[in-house]
Amino acid sequence: MTRRTGAPAGAPAKAMPGPARKDAQDESWSPFRAWGRRPATGGGPAARWRPAWQDAFLFCALLAAGAWCVWRAANLPQYHWQWSVLGEFLLRRGANGQWEAGLLLLGLGVTLRIGFWGMVLALLTGVPVGLASAHARGAAALPSRVYVTIIRNTPPLVLIFFLYFFAGNLLPVAALEDAIRHLPEVFREAVALGFAPPGQMDRMLAAVLALGLYEGAYVAEIVRGGVESVSAGQWDAARALGFSRGQSLTLVILPQAARVVLPPLVGQTISTFKDSALASLISLPELTFQSLEVMAVSQMTFEIWISAGALYLMVGLACAALGRWLERRSDFA
């Protein structure tokens, strides 16, 4: 008796896995193909971007809007553009004939220091609070919820003024500045370059504390959401392998949560640098404060604020590029 090994007559043929099937799946329609691009999947290299007609239309519309803005700005009545004068507020020659930073670049340096130390404090504050509040319920979650709720519902300007007067009256700022003055010159220059020169310590401390605590509340929520996004089965698998809670968190949970946490953390870093402009209200000579000073002296309104906006944009683009580089690393793939 002959044994039948084939499919019954009339039955649909079973699709065999292989290169042909994969090619058929790749050619299927998707909204990304309709827009001329396809996302990278599986951690592999990103597909090459292909322009579509929508991109060309958007580019032309933006180009036309930019040209119209330039034409309107060039024909403003009773306003004389002075772009040639702006250069000396960016770079200028000192008394010794060497190039040195102008007021705007000096202000940019203060902005970078405020944003950097503010974000460091935000991470030191927000990451532990976010980890402690993840999967916490009841009284265990109360301290972190109180901190996040109070700080996120307090305007950052109010927080800056409160900490400015607090730092000036309760913290030993005068003793700290006096101790710095007695340090060797190389250490004094390092403190002035990396944090703040003498005479600005109270304002810098207030700005860094305010931004660090304010942004730290948002960082805490970002970290909490990232940790809670990892399924409970990952905790069970780690316990089955004999890991402690700390080992499970550092070896299993956090590497997976990093993919979720990193993009909003990059956005929060950009917000920290932008929010540093509030320090101008306590007379800290950062970029916005220096722009106001230069505008009052030179009567250049549009040139100064266009340049200040471009400098803030450069800082934000640098942070975004750093975030994309971190996302492309194999650790986050």
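Residues numbered from 1 in each chain as written. Predicted model: local features only at pLDDT ≥ 70, side-chain atom pairs only at ≥ 80, totals over all residues. Heavy atoms only, no water.

A. Representation of the overall build of the protein in the model. Counting its regular elements, the protein contains 14 helices and two strands. Considering only contacts in the protein between residues 6 or more positions apart, those separated by 24 or more positions represent 69%. Accessible area for the protein stands at about 20900 Å²; split by element, carbon and sulfur atoms hold 66% of it. (Helix = DSSP H or I, 4+ residues; strand = E, 2+ residues; numbered from the N terminus. Contact = heavy atoms within 4.5 Å. Areas by Shrake-Rupley, 256 points an atom, 1.4 Å probe, with all protein chains shown as cover.)

B. Geometry of the pattern of salt bridges. Overall, the coordinates contain seven salt bridges when judged by the stated rule. Where Glu221 meets Arg145, a salt bridge forms, and the shortest distance between an N and an O atom there is 2.8 Å. In this pair, Glu221 is assigned in helix 10 (residues 201–228) and Arg145 in helix 6 (residues 142–152), connecting sequence segments 76 residues apart. Salt bridges here are not isolated pairs; linked through shared partners, they connect Arg145, Glu221, Arg224 and Glu228. (Salt bridge = Lys/Arg side-chain N within 4 Å of Asp/Glu carboxyl O.)

C. Layout of a nonpolar patch on the surface. On the surface, a nonpolar cluster with roughly 350 Å² of combined accessible area is contributed by Leu157, Phe161, Phe165 and Leu281. On the secondary structure map, Leu281 appears in the loop between helix 12 (245–275) and helix 13 (287–298). (Patch = residues over 30% accessible without salt bridge, like charges linked within 9 Å, V, L, I, M, F, W, Y side chains within 5 Å.)

D. Spatial organisation of the packing of aromatic side chains. For the structure shown, the criterion picks out four aromatic pairs. Among the aromatic side chains, those forming a connected cluster through ring pairs are Phe116, Trp117 and Phe195. Over the ring of Tyr218 we find Arg152, and its NZ or CZ is 5.8 Å from the ring centre. (Phe/Tyr/Trp six-rings, centres within 6.5 Å; stacked < 30°, edge-to-face > 60°. Lys NZ or Arg CZ within 6 Å of the ring centre and 35° of its normal.)

E. Molecular detail of the nonpolar core. Core analysis: the biggest nonpolar cluster contains 16 residues, and Val219, Val227, Trp235, Ile253 and Leu265 have the highest contact counts within it. Of all elements in the fold, only helix 5 (103–133), helix 10, helix 11 (232–240) and helix 12 reach the threshold of two or more residues within this core. By residue number, the principal contributor to this core is helix 12, which donates six residues. The contacts of Ile253, once residues within four sequence positions are left out, are Val227, Val230, Gln234, Trp235 and Ser248. (Core = buried A, V, L, I, M, F, W, Y, C linked by side-chain atoms within 4.5 Å. Buried < 20%, exposed > 50% of the residue type's maximum accessible area, 1.4 Å probe, protein only.)

F. Representation of helix 5 within the structure. With 31 residues, helix 5 should cover 45 Å at 1.5 Å per step; its first-to-last C-alpha distance of 44 Å lies within 8% of that length. Where helix 5 terminates, the next one or two residues include His135, which has phi positive at roughly 60 degrees. (Expected span 1.5 Å × (residues − 1).)

G. The arrangement of the confidence of the model for the protein in detail. Averaged over every residue, the pLDDT of the protein is 81; residues scoring 70 or more account for 83%. Within the model, the stretch residues 1–8 combines pLDDT values under 50 with zero contacts to residues more than four positions away or in other chains. Long-range and interchain partners of residues 10–43, a stretch whose pLDDT sits below 50, account for 25 contacts in this model, where long-range means more than four residues apart. (pLDDT = per-residue confidence, 0-100.)

H. Just unusual backbone geometry, in detail. One non-glycine residue, Ser283, lies in the positive phi region at around 65 degrees. Among the secondary structure elements, Ser283 is positioned in the loop between helix 12 and helix 13. Located in the positive-phi region is Gln299, a residue other than glycine, with phi close to 65 degrees. For Gln299, the location among the structural elements is in the loop between helix 13 and helix 14 (302–328).

I. A look at the side chain of Thr288. Relative to the assigned elements, Thr288 resides in helix 13. Note on Thr288: relative accessible area 13%, which makes it buried. Here Thr288 is in contact with Ala277, Ser280, Trp305 and Tyr312, once residues within four sequence places are set aside.

J. Structural context of the side chain of Glu286. Tracing the sequence through the fold places Glu286 in the loop between helix 12 and helix 13. Put simply, Glu286 is tucked away with no salt bridge, and the nearest opposite charge, on Arg203, sits 10 Å away. A distance of 2.8 Å separates the side chain of Glu286 from the backbone nitrogen of Phe289, its partner in a polar contact. In this structure the side chain of Glu286 is engaged in a polar contact, spanning 3.3 Å, whose partner is the side chain of Tyr312. Filtering out sequence-adjacent residues up to four positions away, Glu286 remains in contact with Gly107, Val110, Thr111, Ile114, Ser276, Ala277, Ala279, Ser280 and Tyr312. (Lys, Arg positive; Asp, Glu negative; His and termini not counted. Polar contact = N/O pair within 3.5 Å; in protein donor to acceptor, adjacent residues only side chain to side chain.)

K. Here's a closer look at the packing of helix 5 against helix 14. The N-to-C vectors of helix 5 and helix 14 enclose an angle of 35 degrees; their axes lie 11 Å apart at closest approach. As helix 5 runs across helix 14, the sense of the crossing is right-handed. Two secondary-structure elements touch here, helix 5 through Leu104, Leu108, Thr111 and Leu112 and helix 14 through Ile304, Ser307, Leu311, Tyr312 and Val315. Counted by class, the contact of helix 5 with helix 14 contains seven nonpolar, two polar and no charged residues. (Axes fitted to C-alpha atoms, helices over the stretch in contact; angles between N-to-C directions. Left-handed = near helix turned anticlockwise from the far one by under 90°. Nonpolar A, V, L, I, M, F, W, Y, C, P; charged D, E, K, R; others polar.)

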